[in-house]
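Results of the structural survey
Residue strings, one per chain:
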Amino acid sequence: TDAAHEAAAGSDAPRGPQPPLFTWEFATDPYPAYAWLREHAPVQRTELPSGVEAWLVTRYADARQALADQRLSKNPANHAGSAHAKGRTGIPGERSADLMTHLLNIDPPDHTRLRRLVAKAFTPRTVAEFEPRVRELTDRLIDAFEAKGSADLIHEFAFPLPIYAICDLLGVPREDQDDFRDWAGMMIRHGGGPRGGVARSVKKMRAYLAELIHRKREDLGDDLISNLIRAGDHGEHLTENEAAAMAFILLFAGFETTVNLIGNGVYALLRNPGQRARLQQALADGDPDGLLATGVEELLRYDGPVELATWRYATEALTLGGQDIAAGDPVLVVLAAADRDPERFQDADSLDLGRRDNQHLGYGHGIHYCLGAPLARLEARTALAALLTRLPDLRLAEDPADLRWRGGLIMRGLRTLPVEFGDA
Ligand code: HEM
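The present account deals with the structure reproduced in this document. (Residues numbered from 1 in each chain as written. Predicted model: local features only at pLDDT ≥ 70, side-chain atom pairs only at ≥ 80, totals over all residues.)

Topic: the overall build of the protein
Tallying secondary structure elements over the protein gives 18 helices and 10 strands in all. Long-range contacts, defined here as pairs at least 24 residues apart, represent 71% of the contacts in the protein between residues at least 6 apart. (Helix = DSSP H or I, 4+ residues; strand = E, 2+ residues; numbered from the N terminus. Contact = placed C-beta atoms within 7 Å.)

Written as structure tokens, this is what we have:
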């Protein structure tokens, strides 16, 4: 019962009225509000800023269960509400196209078929072979700002790295990659804002991808799109639209997440000098205990890029965490809250780069578990190691209180991360 939970949590349990959600303070630091929800209303019906009502799931055990529950569909057609019934899921510009029939919006059996196909094209080996390219990209980006003694790590580093990496992986020619950077920039800057520019960017991206898939069909290479087409030609069914939607979701799911993993990660290290020094020392010693790897997992748990897993819709009436949920209701699993649950993690609010037993939900759980996790880990490890090694006295150039967070609903990330290093 809630009373028992409260007693167990002891004197640290958050008291007082519920802190407001979706305010400026909340965007800066949502964790006190999430602690309150976990304690007092772990499955709470909430009106979102868009006016849509959804259930927020904040305890680890409930979150894990919800992510694996097949009665919770990803298909927006299962939403009983008005806006979402038309297919609106929170992805900018999505109305513009059938690009939205991608992995994150579909259920088995289509999901099973498409996931199996892309898993053949996007293997751990593909990612491992990609490591030298990620290193080269990382070094080139640091080269470009090193002499200045200062940088905005979001715009000059975290933002370009994943977009060039994914473009390379997909097989987008280098000369076209800056167009992708601009379209993605539009999507990230205006994700929750004016829709016109975003819709235009999605449309351009869609036209480009259709054309690219066409060209690849004529002339297969060893990139991911070619491998998808090959897999599709070997008896498995893959329509051109499905191939385009797949390329789109790889770009979309792999882009802003990685920007924020690097941004939030560097920020957390700069705010926790003891942990940062520990990692820097480990790297200097050749990282004998694998602190970089456990550290990246811990940064994901501590302040991960995905605050809420994407929408799910109850396909039938069900009970979650003791709460009745009606068929058609949207359910949002708050990964950021679950990953700070003291019932699951010791000293949940502290950053411990060497943390063991760290089964966080930052990449989700169940059949939609992040397909790009190996690539994300590679990018984050490479980026953090390069920054801490090449710029050993990296420091924040602004008061943390003055930093602005994006405050979107799904993602959590900084707008800018101004830093200094050297004699600046
Ligand atoms: C799914 C997180 C990077 C591709 C997911 C989900 C999460 C997640 C939480 C599940 C969403 C849900 O169940 O509603 C992250 C994080 C990343 C990251 C924290 C950190 C950088 C990437 C990258 C790629 C990628 C680099 C690809 C290049 C995908 C795809 C799915 C997915 C395709 C959908 C899988 C499916 O529905 O079967 N990711 N992601 N992600 N991610 Fe990632």
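On we go.
Remarks on the site of the ligand
Neighbouring the ligand are 27 residues, the closest being Gly-254, Gly-364, Cys-370, Gly-372 and Ala-376. Of all elements in the fold, only helix 14 (240-271) and helix 18 (373-390) reach the threshold of two or more residues within the shell around the ligand. Considering every element that reaches the shell around the ligand, the biggest residue donor is helix 14, with seven residues. Partitioned by chemical class, the residues of the shell around the ligand number 17 nonpolar, nine polar and one charged. (Near = placed C-beta within 6 Å. Nonpolar A, V, L, I, M, F, W, Y, C, P; charged D, E, K, R; others polar.)

Re unusual backbone geometry
Following Pro-108, the chain continues into Pro-109 via a peptide bond in cis, with omega recorded as 5°. Position of Pro-109 relative to the elements: it lies in the loop between helix 5 (82-85) and helix 6 (110-121). Within the chain, Asp-357 stands out as a residue other than glycine whose phi angle is a positive 50°. Position of Asp-357 relative to the elements: it lies in the loop between helix 17 (335-338) and helix 18. The exposure class assigned to Asp-357 is exposed, which follows from the 7 C-beta atoms found within 10 Å. (Buried ≥ 20, exposed ≤ 12 C-beta atoms within 10 Å, placed from the backbone.)

Quick notes on the packing of helix 15 (residues 273-284) against helix 18
It is at 10 Å that the axes of helix 15 and helix 18 come closest, and there the two elements cross at 90°. The orientation of helix 15 with respect to helix 18, classified from their angle, is roughly perpendicular. On helix 18, the residues touching Leu-279, Gln-280 and Leu-283 of helix 15 are Ala-385, Leu-388 and Thr-389. (Axes fitted to C-alpha atoms, helices over the stretch in contact; angles between N-to-C directions. Parallel < 35°, antiparallel > 145°, perpendicular 65-115°, else oblique.)

Focus: the nonpolar core
Counting residues in hydrophobic clusters, the biggest one holds 78 residues, and the most contacted among them are Ile-166, Leu-170, Met-246, Ala-247 and Phe-248. Here this core takes 18 residues from helix 14, the largest share from any one element. Filtering out sequence-adjacent residues up to four positions away, Leu-170 remains in contact with Asp-223, Leu-224, Ile-225, Ala-247 and Leu-250. By size, the runner-up hydrophobic cluster in this structure holds 34 residues, among which are Leu-72, Val-306, Ala-337 and Ala-338. (Core = buried A, V, L, I, M, F, W, Y, C linked by C-beta atoms within 7 Å.)

Regarding the pairing of strand 1 (residues 43-47)
Look at any regular strand and the pattern is simple: side chains alternate between the two faces of the sheet. Sheet topology note: the strand 1/strand 2 (residues 53-57) ladder contains five bridges and is antiparallel. From the neighbouring strand, Val-43 faces strand 2, where its bridge partner is Val-57. Hairpin remark: strand 1 followed by strand 2, antiparallel, with five residues in the connecting loop; positive phi at Gly-51, about 95°. (Pairing = 2+ DSSP bridges.)

Quick word on the sheet that holds strand 4 (residues 150-152)
The three strands are arranged 4-10-9 in an open sheet whose pairing can be described as antiparallel. The outermost strands of the open sheet, each flanked by one partner alone, are strand 4 and strand 9 (395-396). When strand 9 meets strand 10 (residues 418-420), the two strands line up antiparallel, connected through two bridges. Bridge pairing links Arg-395 to Glu-420 in strand 10.

Looking at the pairing of strand 2
Taken across its five residues, strand 2 has four buried, putting it largely inside the fold. Pairing between strand 2 and strand 8 (residues 330-333): three bridges, direction parallel. Within the sheet, the bridge partner assigned to Trp-55 lies in strand 8 and is Val-331.

Here's the deal with the sheet that holds strand 1
If you trace the five strands from one edge of the open sheet to the other, you get 1-2-8-5-3, paired in mixed fashion. Unpaired on one side and paired on the other, strand 1 and strand 3 (72-73) mark the two borders of the sheet. Sheet analysis places strand 5 (residues 312-314) next to strand 8, joined by two bridges and oriented antiparallel. By the bridge assignment for strand 8, Arg-312 is matched with Val-331. Each of strand 1, strand 2, strand 3, strand 5 and strand 8 is contacted by helix 4 (residues 60-68), which is oriented at about 125° to strand 8, the strand it contacts most.

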